[in-house]
Amino acid sequence: MTFFAEIWELLSSAKYMSMLFTGLGTTLVVSLFSAILGLFLGTLVALVAICPDSPLMKLPKIICKVYVTVIRGTPMALQLFIMMYAIFAIRGFPQEITAIIAFGINSGAYVSESIRGGILSVDIGQTEAGRALGLPYGVTLMKIVIPQAVKNVIPAIGNELIALIKETSIVSMIGMYDLTQAAKVIGAGNNMASYIVPMSVAACFYLAIVYTLSFGIKGIEKRLRAGDRR
Amino acid sequence: MKKIVSLILALTMVLGVAFALSSCADTEEIIVRTNAYFPPFEYYDGTEIVGVDVDIMELVGKKLGKKITWKDGDFGTIIDNVADGTMADCGAAGITITEARKEKVAFSNPYYTSIQYVIVPDGVSVATKTAGGVEYIVWEALAGKKIATQIDTTGWIYTDGEINATEEDEDYGYNGVLYGTGTSHVEMPDAQAAVDALGVTADVIIIDELPSKYLVENSSKSLKCYPLYYSGSDGEADAPVEEQYAICVTKGNDELLTAINEVLAELGEAKIQEMVMNHMGLNK
């Protein structure tokens, strides 16, 4: 019963709640902006990846391949460390921006693969039909293939966004005051002196964010599929 | 027309260079690295970092007329950050002076002498000894236990050494006290996580004196703590595992180092002890 009593103690304390909400703010800002950066990068990389081979596209294609391989092949925590202590080791550089760039780049690699999969899932007949009607490659892609692909990638992108939000919890490693850091501070010796209760409450916060987000994604999906027969 | 364009370009360049130079010369703030989970030396009060080290560095800032900016992060990254000097000027985190660290950074005069403590929860039996009115634990008594420490702290370094050191290993050249006794090392990211691990994955914790007292005082678990001693060889008395805290500064930054030493000298042992007691909440 003490567990619930302590949860109540935390929830009814203005000081602890304001700490949690400060942390929540950082978590939301970092996830939102890195999601935007990730979507942008991912789309760009996916478009390069599905382009037909040509001498001009050779170098960009190699760069994109290396990017996806390296970013997907190394742990996020290490990428954040390298960003923080090697690449952006600039005096007084805002940590929020370092984190947003690190998470955006990471997310971009996963998003690009989802988008590429979505575009490839559209029947080749659609492209052939567009080309046969005399539309240039770019117009076929933008007006025929991508609108159909978007519908297919929404669930996968939603998945990635959810993973991203939860992954931002590691920014406490580089000393940023996010939701997890707030929970750790509340759990520190001068406050509640145990991690268990504040961590559980922080977990509920994450759950609430993710639930709201997945609700939104479901809504978008429903709108896009309004004309489908299934 | 050409003249005006070239004039504007020249002006932009001059301004650009001036701006670049001025931002380079921006040394109006001192950036201090820390790990804010080491009460009473540094800990979060709400979203602010406070503690003994914070009080000391604020005095240093006042002396030099500069702003002090605190940067929190993993304890293990502090020495590298300060050695590099671009992201931080100094590190204040109850850092123990060790030979390996001395090679990378400059240390101020020590301002606090700490000894290692063992936190023992109820239900775990560890043999204690008493000498001169002090009840203590010797390393040998910890054989076979699961010892939790905070990664990269001196407790971690000592425990790692005592468990893993062997005569064959050139880095050590001696057998650790706990070598081959089936003792295991539970490495935790911070002290509070180690307390939560007690009774789950760990039997005891080894950590510095003040944090250990602080943790024992505030925990809802029933814990006790004892100083940790090395057994004296034949006839000699057992001696505590002692160490000294200092503030580390990037090598070559003598202005800051001198200022820190001056502040420490002005404060003196008694005043620092008083700060410690204040932050321990024992003066209330």
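Residues numbered from 1 in each chain as written. Chains lettered and ligands numbered in written order. Predicted model: local features only at pLDDT ≥ 70, side-chain atom pairs only at ≥ 80, totals over all residues.

1. Considerations on the overall build of chain B
As a reminder, the rule being used: Counting from the N terminus, the helices are DSSP H or I runs at least four residues long and the strands are E runs at least two residues long. Three classes are used. A residue is buried when 20 or more other C-beta atoms lie within 10 Å of its own, exposed when 12 or fewer do, and partly exposed in between, with C-beta atoms placed from the backbone. Working definition of a contact: two residues with C-beta atoms, positioned from the backbone, lying within 7 Å.
Tallying secondary structure elements over chain B gives eight helices and 16 strands in all. Looking at chain B as a whole, 41% of its 284 residues qualify as buried. Looking at chain B alone, contacts between residues at least 24 apart form 70% of all its contacts between residues at least 6 apart.

2. A short note on the confidence of the model for chain B
Which entries qualify depends on this criterion: Values of pLDDT, the confidence the predictor places in each residue, fall between 0 and 100.
Looking at chain B as a whole, the pLDDT averages 85, with 89% of positions reaching at least 70. The secondary-structure element of chain B with the lowest mean pLDDT is helix H1 (residues 2-24) of chain B, recorded at 57, while strand S7 (residues 106-107) of chain B shows the highest, at 94.

3. Section: the sheet that holds strand S4 (residues 48-50) of chain B
Residue and element names in this part refer to chain B. As a reminder of what qualifies: At least two bridges found by DSSP between two strands are what make those strands a pair.
The antiparallel open sheet is built from three strands, whose spatial order is S2-S3-S4. Edge positions in the open sheet fall to strand S2 (37-38) and S4, since each of these has one partner strand only. Where S2 and strand S3 (residues 42-45) come together, two bridges link them in antiparallel fashion. Of the residues in S3, the one forming a bridge with Phe38 is Glu42.

4. What about the environment of Thr98 of chain A?
All names here are of chain A. Along the chain, Thr98 falls in helix H5 (residues 95-120). Overall, Thr98 belongs to the buried group, with 21 C-beta atoms counted inside 10 Å. Each C-alpha atom of the pair Thr98 and Met83 lies 6.7 Å from the other, and the pair is 15 residues apart in sequence. If we skip the residues at most four places from it in the chain, Thr98 touches Met83, Met84, Phe88 and Phe93.

5. Notes on helix H8 (residues 254-280) of chain B
Residue and element names in this part refer to chain B. So the rule is basically this: In a helix, the anticipated span is given by 1.5 Å times the number of residues less one. Throughout, bend refers to the angle between the axes fitted to the seven residues that end at a position and the seven residues that start at it.
Along its 27 residues, H8 runs just 32 Å from first to last C-alpha, ending more than 12% under the 39 Å computed at 1.5 Å per residue. At Gly268, H8 shows its maximal bend, which comes to roughly 85 degrees. When we look at burial in H8, the residues that qualify are Leu256, Leu257, Ala259, Ile260, Val263, Leu264, Met275 and His279. At its buried positions, H8 is contacted by strand S1 (29-34), helix H2 (52-64), strand S6 (90-96), S7 and strand S16 (242-249). Of the residues one or two after H8, Gly281 is the one with positive phi, at around 75 degrees.

6. Quick word on the domain arrangement of chain B
All names here are of chain B. Formally: Domain start and end points were adopted from an automatic or database domain assignment. Each residue gets one of three labels, nonpolar for Ala, Val, Leu, Ile, Met, Phe, Trp, Tyr, Cys and Pro, charged for Asp, Glu, Lys and Arg, and polar for the others, Gly among them.
For chain B, the assigned domains are domain 1 (28-113 + 244-280) and domain 2 (115-243). On a C-alpha basis, the centres of domain 1 and domain 2 stand 26 Å from each other. Contacts between the two partners involve twelve residues from domain 1 and, on the opposite side, 13 residues from domain 2. Among the secondary structure elements, those contributing two or more residues to the side of domain 1 that touches domain 2 are S2, S6 and H8. Per-class residue counts for the side of domain 1 that touches domain 2 are seven nonpolar, five polar and no charged.

7. Describing the packing of helix H2 (residues 14-50) of chain A against helix H7 (residues 137-167) of chain A
Residue and element names in this part refer to chain A. Selection rule: In this analysis an axis means a line fitted to C-alpha atoms, helices contributing only their contacting stretch, and an angle means the value between N-to-C directions, from 0 to 180 degrees. Note that the term roughly parallel is reserved for angles under 35 degrees, roughly antiparallel for angles over 145, roughly perpendicular for angles of 65 to 115, and oblique for everything else. Here a crossing is called left-handed whenever its near helix is offset anticlockwise from the far helix by less than a right angle, and right-handed whenever the offset is clockwise.
For the pair H2 and H7, the least separation of the axes is 10 Å and the interaxial angle reads 140 degrees. By the angle between their axes, H2 is oblique relative to H7. Helix-helix and strand crossings are classified by hand; for H2 and H7 the assignment is right-handed. Seen from H2, the contacting residues are Ser31, Ser34, Ala35 and Gly38; seen from H7, they are Leu161, Leu164 and Ile165.

8. Observations concerning the packing of helix H3 (residues 58-73) of chain A against H5 of chain A
Residue and element names in this part refer to chain A. Between H3 and H5, the least distance of the axes is 9 Å, while the angle of their chain directions is 115 degrees. As H3 runs across H5, the sense of the crossing is left-handed. For the pair formed by H3 and H5, the contact residues are Tyr67, Val68, Ile71 and Arg72 on the first element and Ile105, Asn106, Ala109, Tyr110, Ser112 and Glu113 on the second. Each residue belonging to the contact of H3 with H5 can be placed in one class, and the counts come to six nonpolar, two polar and two charged.

9. So, the environment of Gly133 of chain B
Residues and elements named next belong to chain B. When you line up the elements, Gly133 lands in the loop between strand S9 (129-131) and strand S10 (134-138). A count of 5 C-beta atoms within 10 Å places Gly133 in the exposed class. Taking the C-alpha atoms as reference points, Gly133 and Ala239, separated by 106 residues in sequence, lie 14 Å from one another.

10. With respect to the nonpolar core
Residues and elements named next belong to chain B. Spelled out, the test is: To define a nonpolar core, we join buried Ala, Val, Leu, Ile, Met, Phe, Trp, Tyr and Cys residues through C-beta atoms within 7 Å and take the resulting set.
Counting 122 residues, the largest nonpolar core has Cys90, Val118, Ile119, Ile205, Cys248, Val249 and Ile260 as its most contacted members. Formed jointly, this core draws a minimum of three residues from each of two domains, domain 1 (28-113 + 244-280) and domain 2 (115-243). Setting aside residues no more than four positions away along its own chain, Ile260 makes contact with Val60, Ser108, Ile247 and Val249.

11. Some remarks on the interface of chain B and chain A
Between chain B and chain A, the residue contacts involve 24 residues of the former and 20 residues of the latter. For the side of chain B that touches chain A, the per-class residue count stands at nine nonpolar, nine polar and six charged.

12. Quick look at helix H8 (residues 179-187) of chain A
With respect to burial, H8 of chain A is a largely interior element, nine of its nine residues being buried. Those residues of H8 of chain A that sit buried are Leu179, Thr180, Gln181, Ala182, Ala183, Lys184, Val185, Ile186 and Gly187 of chain A. Next to the buried residues of H8 of chain A lie helix H1 (2-11), H2 and helix H9 (196-224) of chain A together with S3 and helix H6 (191-197) of chain B.

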